[in-house]
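# What the coordinates show
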Amino acid sequence: MRRNLNAPFSASVELYLHVAGECFELGQLGPGFALLRVARAIEATAAVIEVIVDQASTRRPVRLTRPSTTLSRRFEFEAA
């Protein structure tokens, strides 16, 4: 069976940051940085980034190296 490469494909993607017993939704995830969906102050600490694609979850332990603030949704992280 040949697949039509021009056909649209849409995956269900959810992004979360788990830190200190709380779960925050992410709006964007990049290499070494992410943006929270809603600005919130989060301290530099150990955390877990969860990516769910079509209901399959992958969790990645990270260490926040540049925390987010109430004025900026962006934070930076490195592998833990």
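Below: a short report on this structure. (Residues numbered from 1 in each chain as written. Predicted model: local features only at pLDDT ≥ 70, side-chain atom pairs only at ≥ 80, totals over all residues. Heavy atoms only, no water.)

As for its placement among the helices and strands, Gly-21 is situated in the loop between strand E1 (13–19) and strand E2 (22–30). In this structure Gly-21 comes out as exposed when scored by relative accessible area, which is 86%. (Helix = DSSP H or I, 4+ residues; strand = E, 2+ residues; numbered from the N terminus. Buried < 20%, exposed > 50% of the residue type's maximum accessible area, 1.4 Å probe, protein only.)

With that out of the way, let us pick up the environment of Glu-22. In this fold, Glu-22 is placed in strand E2. A residue is classified by how much of its surface remains accessible, and Glu-22, at 38% relative accessible area, is partly exposed. Considered as a pair, Glu-22 and Ala-47 are 25 residues apart in the sequence and their alpha carbons are 9.9 Å apart. In contact with Glu-22, not counting residues within four places along its chain, are Leu-17 and Arg-40. (Contact = heavy atoms within 4.5 Å.)

Leu-17, Leu-26, Leu-36, Ile-42, Leu-64, Phe-75 and Phe-77 are the most contacted members of the largest nonpolar core, which has 14 residues in total. Elements supplying a minimum of two residues to this core: E1, E2, strand E3 (33–36), strand E4 (46–53), strand E5 (56–66) and strand E6 (74–79). Examining the composition of this core, we find that three residues originate from one element, E1, more than from any other. Setting aside its immediate chain neighbours within four residues, Leu-64 contacts Leu-17, Ile-42, Glu-43, Ala-44, Thr-45, Ala-47, Phe-75, Glu-76 and Phe-77. (Core = buried A, V, L, I, M, F, W, Y, C linked by side-chain atoms within 4.5 Å.)

Once that is clear, we can look at the side chain of His-18. Positionally, His-18 belongs in strand E1. Of the polar contacts made by the side chain of His-18, one reaches the side chain of Glu-50; its length is 2.7 Å. Beyond its immediate sequence surroundings of up to four residues, His-18 is in contact with Cys-23, Ala-47, Val-48, Glu-50 and Arg-59. (Polar contact = N/O pair within 3.5 Å; in protein donor to acceptor, adjacent residues only side chain to side chain.)

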